[in-house]
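A closer look at the structure
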Amino acid sequence: MFRSNFLGRIIVIIIMASFISGCSLTYTVKDPVISSIDYGKKDLTPITLNIIDMRAGDDLAFTVARLGPSGDVTKFPITLKNMENPIDYFAQNLEKELKSRTIPVKCVVGKTATNELTLEIIRYQIINRRATGFSPWEAMHIFSGNIIKDGKKTPIKAFFYGGKTPVWSMNELEEPCFNIPISIIIKDVASKINRVVFNYTAPDEKIDRLTTEINSEIGKTVEGPFWKVLELGYTNNHKALDPLKRYSQQGEEFFRSCALSSIGTLGVEDQLEFLKQRYNGAMGSFNDRYMAVKAIGDLGTIEALKFINAIKKDSAYIKEAGLKYCVDLYAP
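Residues numbered from 1 in each chain as written. Predicted model: local features only at pLDDT ≥ 70, side-chain atom pairs only at ≥ 80, totals over all residues. Heavy atoms only, no water.

A short note on the pairing of strand β8 (residues 152-164)
- Across 13 bridges, strand β7 (residues 137-149) lies against β8 in antiparallel orientation. Residue pairing for β8: serine 144 is matched across the bridge by lysine 157. (Pairing = 2+ DSSP bridges. Helix = DSSP H or I, 4+ residues; strand = E, 2+ residues; numbered from the N terminus.)

Take a look at the structure:
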């Protein structure tokens, strides 16, 4: 035990020293793959979405690293190629995602016009955490903003957790901790904007096709067909709820957590008890627990927010970074 702890401390010291001495992590961010959701609306009048960057203080940093058992901020650069300006990247890909769903939105960064649709971005950030050289690298992707339509302001929040213990190279983090969650956050925000502003739904036939494809692909890969499970949430069609509840209880952990996230994206308010069961019954699964909390936060009801606020009294809230950041995002 002593030898293991000693080696762990040595590895942490080496990692921290390498970062402090000027090393950095560099990843290439890919453009998100456009989802296959089509709300089927034709001849819609194009609309402008003003995106206002309202980030301030510590939230101006897009990537933050916390290294070591204490969780202190260790300042070392994480370079994300193709995403040097995260707000511009977000706006460009949000526009692509909405247009692919037949919502003709033009996203304009920085323009202010009270008579037009507006998205205020209060926080858009990736918190990176690693306790020791043997621990997983954790990436908490956080979005918080407000959609303003006709003078009414509605909160838009999104959270996703990615984790990976690199074995051979830090390059192993690129997909699970950066590319995949970055894409998911944009798609989730697009879905919530649709639900709040337009409330378009994909047809029942799309649910049937997706579930048939998912059922045929489960078990063929480690992660499972998680993109298609996420798309069930993007449909904004409550027919997707029953298959999502099944998928949240089968398959690999990441697959299940995507199903839980999608239940939140659908926003079916009477699912609080089911989601609480998934949170309480998944004590050994970080992804399941965190995304169950995310889904509960998406419900946004008084009872849902009470449950999230109560988690602050749990010792896990202090010990687990993924849980803390998710709770803090949604807690009143």
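Next comes the rest of the account.
Observations regarding the environment of isoleucine 127
- Summarising the element assignment, isoleucine 127 is placed in strand β6 (residues 117-130).
- With 61 residues separating them along the chain, isoleucine 127 and arginine 66 place their C-alpha atoms 7.6 Å apart.
- Residue contacts for isoleucine 127: discarding those within four places in its chain leaves Val64, Arg66, Glu138, Ala139, Met140, Ile142 and Tyr325. (Contact = heavy atoms within 4.5 Å.)

Concerning the pattern of salt bridges
- For the structure on display, the rule yields 21 salt bridges.
- Close ionic contact of aspartate 288 with arginine 256 constitutes a salt bridge, the shortest N to O distance being 2.8 Å. Here arginine 256 lies in helix α7 (residues 253-266) and aspartate 288 lies in helix α9 (residues 286-299), a separation of 32 residues in the sequence. No difference in accessibility class separates aspartate 288 from arginine 256, as the two residues are buried.
- The partner of glutamate 320 in a salt bridge is arginine 289, and the shortest N-O contact between them spans 2.7 Å. Taken together, the residues glutamate 320 in the loop between α11 (315-319) and α12 (321-330) and arginine 289 in helix α9 connect sequence positions 31 residues apart.
- Here glutamate 320 falls in the buried class, since its relative accessible area comes to 15%. (Salt bridge = Lys/Arg side-chain N within 4 Å of Asp/Glu carboxyl O. Buried < 20%, exposed > 50% of the residue type's maximum accessible area, 1.4 Å probe, protein only.)

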